[in-house]
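Here is what each chain is made of, one letter per residue.
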Amino acid sequence: MANNNELVTKEITLSMGPQHPSTHGVLHLLLDMKGEKIVSAYPDIGYLHRGTEKIAENLLYHQFVPYTDRLDYMAGMSNNLAYVMAVEKLLGIEVTERAKYIRVVAAELSRIAGHLLCVGAWGLDLGAMTVLLYAFREREMVLDLFEMICGARMTHNYLRVGGVRYDLQPAFKEKCLEFVDLLPQRLKDYEQLLTENRIWLKRNKGVGVISAEDAINLGLSGPILRSSGVKWDIRKDEPYLVYDRFAFDIPTGENGDCFDRYIVRMEEMRQAAKIIKQALSQIPDGKPCVDMPEVVLPPRKDIETNMEALINHFKLISHGFKVPKGEAYASIESPKGELGFYIVSDGSERPFRVKIRAPSFVNLQAISPMCKDRYLADVIAVVSSLDPVFGEADK
Amino acid sequence: MTIGPDSILVKKVKERFAPFILDTLISRNEITHLIKKDSLIDICRFLKDDSELQLNFLSDVLGTDYFPQKPRFEVVYHLYSIPKKHRLRLKIKIEDGESVPSLTSIWSSADWAERETYDMFGIRFDGHPNLRRIYMPEDWEGFPLRKDYPLKGYKDQYNPYGEEKK
């Protein structure tokens, strides 16, 4: 029998990921542990680094839009939006009213898609697999709507500088309203499975707590910051597009723990559905793009029948458009937080510098303070509640 | 709301730090102060603590390479005020090899942002507790976002399509 004096707890370093299923992609966590307790958690990222910013410097302005889809690939429309808004700010373009409403619908749908995946995968990580299957059922409906808008389900490339690629189809409105009416009922189903579930509560309540002050200091944004009680939402505080015309609430939490982050995301989906409903009822008639042939591609129909349009199309695709010298920063409230694009233009057809302020990257810094002195199992809940997407965090 | 030269973000900062502000640019509703490197910490502390400005959120730190211009680099700070809802941009111009004071003592969010800037441009931040590469492997040579770094990288055993090293 071992002598009691020989039983000592040694500190070990555990590598979690980058192939661990609960790390939501290629997150590599180095966990210094004393027994089951975390002494320090150090995220090691960069496995998916593709040099998106370097690529941007070598592309024409319009060619970079599809690359933004591959940042936060759970919510491609939001990324498109932030990028084209920055370019439009440099060009001084104000898009048409109709385009603004379409963009709101697209961005809010992608918020729902992003949050559904977050909650679903979170449930799976903590042993509630049903929620994942349900969430994917609804996510599938959002993807069908995306397919109706632009023909693509994940990498949309839908928004373009000066408007949107295609106008909404007549049948879209009805389909979309059907979905936003259905969503709150379905969310109730998830809540029935999770909100009062003892395991869910035990593993999320009081786990990964971060105070409002620390959250601001760490630069957290989006649902994570709001669940710490800070009411900051760019849609309300610096309204872009037409968000100031809709009635919606900004849900906030009190404790700043994983459970509050779950509650905030669920409520945000309801609010997003509310916004889409209002947007669809107010959407005016008009053109989906501004009338600027030097920036906006002619409609597909014209290219096939009109020589001038064909020439214009060829010229725009091969030479791009010049953007006035200067710099601009545009940020939006993406599902993950403040997504910003800072573009420096030297007056040519290619951006001189593009900096992506990726919310997932900044939010990941919170892992270490959130996990400190907690158990290993809590790390899973914390990572899920931060909802990092590595396309964006690693750029 | 249009931002003009009489905004408190311009007036108050200029009043207090006039000798350290090299230039102020207002364009597209964005205010940019080009400041002297040595005054960065003082200005940031003031911006964060002043009751009228309250720029308590450091959104981003980034670099821009203007090679072959001199000075070569620009370090850009994006600040935001959650209570006051306004934004401000600070800029510093530095030469290759020069270092910049780190803001980690004021905002923890500067930690990763500065590491990223170091990783991509090789700009060093004095006083940073853990200034290591963040995206690239630790033994990587060169700084990918510099303008003289080739798009396809340098040729080696893993990268047959890269450029030859000069």
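Residues numbered from 1 in each chain as written. Chains lettered and ligands numbered in written order. Predicted model: local features only at pLDDT ≥ 70, side-chain atom pairs only at ≥ 80, totals over all residues.

## Overview of the overall build of chain A
Part 1 of the argument: When helices and strands are tallied, chain A shows 17 helices and eight strands.
Part 2 of the argument: Against the globule reference of 21 Å for 395 residues, chain A gives a C-alpha radius of gyration of 22 Å, in line with a compact fold.
Part 3 of the argument: For chain A, buried positions account for 51% of its 395 residues.
Part 4 of the argument: Considering only contacts within chain A whose residues lie at least 6 apart along the sequence, 70% involve residues at least 24 apart. (Helix = DSSP H or I, 4+ residues; strand = E, 2+ residues; numbered from the N terminus. Rg over C-alpha atoms; globule rule 2.2 N^0.38 Å. Buried ≥ 20, exposed ≤ 12 C-beta atoms within 10 Å, placed from the backbone. Contact = placed C-beta atoms within 7 Å.)

## Describing unusual backbone geometry
Part 1 of the argument: A cis geometry characterises the amide bond from B:Phe67 onward to B:Pro68, with omega recorded as 0 degrees.
Part 2 of the argument: Its location among the elements puts B:Pro68 in the loop between β3 (57–65) and β4 (73–80).
Part 3 of the argument: Here the phi dihedral of A:Asp373 falls at roughly 65 degrees; this positive angle occurs in a residue that is not glycine.
Part 4 of the argument: Relative to the assigned elements, A:Asp373 resides in the loop between α15 (367–371) and α16 (376–386).
Part 5 of the argument: Classification of A:Asp373 as exposed rests on a count of 10 C-beta atoms within 10 Å.
Part 6 of the argument: Its identity as a non-glycine residue notwithstanding, B:Gln54 has a phi of 45 degrees, on the positive side.
Part 7 of the argument: The class of B:Gln54 is partly exposed, set by 17 C-beta atoms lying within 10 Å.

## Examining the packing of helix α4 (residues 97–125) of chain A against helix α11 (residues 258–282) of chain A
Residue and element names in this part refer to chain A.
Part 1 of the argument: With their axes 9 Å apart at the nearest point, α4 and α11 run at an angle of 155 degrees to one another. Considering the angle they form, α4 stands roughly antiparallel to α11. Where α4 crosses over α11, the two elements pack in a sense that is left-handed. Between α4 and α11, the residues in contact are Tyr101, Val104, Val105, Glu108, Leu109, Arg111, Ile112, His115, Cys118 and Val119 and Tyr262, Arg265, Met266, Glu268, Met269, Ala272, Ala273, Ile275, Ile276, Ala279, Leu280 and Gln282, respectively.
Part 2 of the argument: Of the residues in the contact of α4 with α11, the class split is 16 nonpolar, two polar and four charged. (Axes fitted to C-alpha atoms, helices over the stretch in contact; angles between N-to-C directions. Parallel < 35°, antiparallel > 145°, perpendicular 65-115°, else oblique. Left-handed = near helix turned anticlockwise from the far one by under 90°. Nonpolar A, V, L, I, M, F, W, Y, C, P; charged D, E, K, R; others polar.)

## A word on the domain arrangement of chain A
Residues and elements named next belong to chain A.
Part 1 of the argument: When the domains of chain A are assigned, the result is domain 1 (4–43) and domain 2 (55–393).
Part 2 of the argument: At the level of secondary structure, the elements contributing two or more residues to the side of domain 1 that touches domain 2 comprise β2 (28–34) and β3 (37–44).
Part 3 of the argument: The leading source of residues in the side of domain 1 that touches domain 2 is β3, at six residues.
Part 4 of the argument: Tallied by class, residues from the side of domain 1 that touches domain 2 come to 10 nonpolar, five polar and two charged. (Domains from an automatic or database assignment.)

## Here we look at the sheet that holds β2(A)
All names here are of chain A.
Part 1 of the argument: The sheet built from three strands is open, its strands ordered β1-β2-β3 with antiparallel pairing. The open sheet terminates on both sides in strands that have one partner only, identified here as β1 (11–16) and β3. Each neighbouring strand pair of the sheet contributes to a mean axis angle of 20 degrees, computed without reference to strand direction.
Part 2 of the argument: Of the strand pairs in this sheet, β2 and β3 are connected by seven bridges, and their pairing is antiparallel. (Pairing = 2+ DSSP bridges.)

## What about the interface of chain B and chain A?
Part 1 of the argument: If you look at the interface, chain B gives 24 residues, while chain A gives 30 residues.
Part 2 of the argument: Those elements giving two or more residues to the side of chain B that touches chain A turn out to be β3 and α3 (110–121) of chain B.
Part 3 of the argument: In terms of residue count, β3(B) provides more of the side of chain B that touches chain A than any other element does, six residues in total.

## Digging into the packing of helix α3 (residues 76–91) of chain A against α4(A)
Residues and elements named next belong to chain A.
Part 1 of the argument: For the pair α3 and α4, the least separation of the axes is 7 Å and the interaxial angle reads 135 degrees. When the axis of α3 is compared with that of α4, the two are oblique. Two secondary-structure elements touch here, α3 through Gly76, Met77, Ser78 and Leu81 and α4 through Arg103, Ala106, Ala107, Leu109 and Ser110.
Part 2 of the argument: Here the contact of α3 with α4 is composed, by residue class, of five nonpolar, three polar and one charged.

## Some details on the environment of A:Leu31
Residue and element names in this part refer to chain A.
Part 1 of the argument: Inspection of the secondary structure assignment puts Leu31 in strand β2.
Part 2 of the argument: For Leu31, a count of 20 C-beta atoms within 10 Å corresponds to the buried category.
Part 3 of the argument: Apart from residues lying up to four places away in sequence, Leu31 is in contact with Thr13, Leu14, Met16, Ile38, Ala41 and Val379.

## A word on the pairing of strand β1 (residues 21–27) of chain B
Residues and elements named next belong to chain B.
Part 1 of the argument: Strand direction decides the pairing type here: β1 and strand β2 (residues 30–35), joined by six bridges, are antiparallel. Its bridge partner lying in β2, Ile26 is registered against Ile31.
Part 2 of the argument: Here β1 folds back onto β2, and the loop between the two strands holds two residues, one of which, Arg28, carries a positive phi near 50 degrees.

## Considerations on the nonpolar core
Residues and elements named next belong to chain A.
Part 1 of the argument: Membership of the largest hydrophobic core comes to 158 residues, with the highest contact counts inside it found for Ala86, Val87, Leu109, Val379 and Val382.
Part 2 of the argument: Per element, the largest residue contribution to this core is 16 residues, and it comes from α4.
Part 3 of the argument: Residue-level mapping places this core at the junction of two domains, with at least three residues from each of domain 1 (4–43) and domain 2 (55–393).
Part 4 of the argument: Among residues more than four places away in sequence, those in contact with Val87 are Tyr61, Val161, Val323 and Ile343. (Core = buried A, V, L, I, M, F, W, Y, C linked by C-beta atoms within 7 Å.)

## A few points about α16(A)
Part 1 of the argument: A large share of α16(A) lies buried, amounting to nine of its 11 residues.
Part 2 of the argument: Positioned one or two residues after α16(A), A:Asp387 has a phi angle of 55 degrees, which is positive.

## So, the sheet that holds strand β7 (residues 337–345) of chain A
All names here are of chain A.
Part 1 of the argument: With antiparallel pairing, three strands are arranged side by side in an open sheet as β6-β7-β8. Both outer strands of the open sheet, β6 (326–334) and β8 (351–357), are each paired with one neighbouring strand and no more. Neighbouring strand axes in the sheet, compared pairwise and without regard to direction, differ in orientation by 15 degrees on average.
Part 2 of the argument: As paired strands, β7 and β8 are joined by six bridges and run antiparallel to one another. In the sheet register, Ser345 faces β8, and the bridge partner there is Pro351.
Part 3 of the argument: Contacting β6 and β7, α3 crosses the sheet at an angle of about 150 degrees to β6.

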